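Chain and residue survey
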Amino acid sequence: MPEKPARKSSKKLPAKKQRAPRKRKLDPDDPHFIPGINNYCDRWCERCEFSHRCFNFALNERYFGDDPAARDMTNQKFWDTLERIYADAKASLDQSLKKLSGTAEMPSIEAADAHEKHVDRRARAIGQKETKLALTYAHMVDEWFNNELRLPLEHVRDLERLVMAGEVTVANAKGDLVRLNDCVEIIRWYQHFIFVKLGRAFSSLVEEDENPSVAGAKDSDGTAKVTLISIERSLAAWNVMREMFPEKTDSMLELLVHLDRLRKGVDAKFPKARKFRRAGFDERG
Ligand code: SF4
């Protein structure tokens, strides 16, 4: 009698555990990345046309990924990610310190602190007028939005009414809203950024003045250029807002005049800034 073939077990074997593919280590020297591109950008990664060529961006994406929980301050995942970033940054700092230890270049913490204070004092002295203008501008923007909070709401209601009455097409109304949203985002993005960047530009100016042996493109000029771009984008956004809300021309004019004065001041203090070539951004075509 032929032997019966062994019956297949009906029991299901446990599914093989899928191992997540190992991510390639990010290498800042990978030629795909543009070296130093993030030194003179506006940090608006969401709108950056070079995010795919930026090591900083890739690193952030690696840490935070596309999990919204990892970007949400109220979620533990966010804090776990920050802890990881801190641990990695500390490890890389320790490594650099190890390399430097014992060399003459390594200043003591006290000396570095004193130097920083000295630079800060001088920077504030030479850039007093402009940094004050920048700080005042940031406050003026807050005040304007606090006072005119109703404006966008009323604008939306007006548009609704005009669409219903057939006086404005839906497409035009949508375009108008996108324009308004864009202007507000631009103004808000650069509101404090201008002050912060200007502070760095003046600090770099002091450092460069005290170390004239450092040749080549100057950080002060690159940083001032980013500041000028931010001011000009803000001016453009305010001008569009002025066209949208002609009844608020006076209050916006005040802001425009203030910002323009700041722009002229930065141009005068950093006459070579506009010629500075930023990696990536000024190398197109
Ligand atoms: S270069 Fe672009 S992507 Fe990179 S940090 Fe700056 S804004 Fe973000």
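Predicted model only: the values in this text are computed from it and were never measured.

Looking at the overall build of the chain
Scanning the chain from terminus to terminus reveals eight helices and zero strands. Secondary structure elements of the chain occur, N-terminal to C-terminal, as α-α-α-α-α-α-α-α. By residue count, 18% of the 285 residues in the chain fall in the buried class. Intrachain contacts of the chain at a sequence separation of at least 6 include 69% that bridge at least 24 residues.

As for helix α6 (residues 170-210)
Three or four residues apart is the spacing at which side chains of an α-helix point the same way, because the helix has 3.6 residues per turn. The end-to-end C-alpha separation of α6 is 60 Å, in line with the 60 Å expected for 41 residues at 1.5 Å each. Along its length, α6 reaches its greatest deviation from straightness, about 35°, at Phe-193.

Some thoughts on the nonpolar core
By size, the foremost hydrophobic cluster in this structure holds 33 residues, and its most contacted members are Ala-134, Tyr-137, Ile-194, Leu-198, Leu-262 and Val-266. Among the secondary structure elements, those contributing two or more residues to this core are α4 (128-147), α6, α7 (219-244) and α8 (249-269). The dominant element in this core, judged by the number of residues it contributes, is α6, at eleven residues. Contacts of Tyr-137, omitting those with residues within four sequence positions, involve Ile-194, His-258, Leu-259 and Leu-262.

A look at the packing of helix α5 (residues 150-164) against α6
The geometry of a pair of packed helices is captured by two quantities: the angle between their axes and the separation between those axes. As a packed pair, α5 and α6 sit with axes 10 Å apart at the nearest point and diverge in direction by 170°. Here α5 lies roughly antiparallel to α6, going by the angle between them. Only Val-170, Ala-173, Asp-176, Leu-177 and Leu-180 of α6 make contact with α5, whose side of the interface consists of Pro-152, His-155, Val-156, Leu-159 and Val-163. Its residues placed into classes, the contact of α5 with α6 shows eight nonpolar, one polar and one charged.

Comments concerning unusual backbone geometry
Backbone geometry places Arg-43, a non-glycine residue, at a positive phi of 65°. Classification of Arg-43 by C-beta neighbours within 10 Å gives partly exposed; the count is 13.

Definitions and limits used
Residues numbered from 1 in each chain as written. Predicted model: local features only at pLDDT ≥ 70, side-chain atom pairs only at ≥ 80, totals over all residues. Helix = DSSP H or I, 4+ residues; strand = E, 2+ residues; numbered from the N terminus. Buried ≥ 20, exposed ≤ 12 C-beta atoms within 10 Å, placed from the backbone. Contact = placed C-beta atoms within 7 Å. Expected span 1.5 Å × (residues − 1). Bend = angle between axes of the 7 residues up to and from the residue. Core = buried A, V, L, I, M, F, W, Y, C linked by C-beta atoms within 7 Å. Axes fitted to C-alpha atoms, helices over the stretch in contact; angles between N-to-C directions. Parallel < 35°, antiparallel > 145°, perpendicular 65-115°, else oblique. Nonpolar A, V, L, I, M, F, W, Y, C, P; charged D, E, K, R; others polar.

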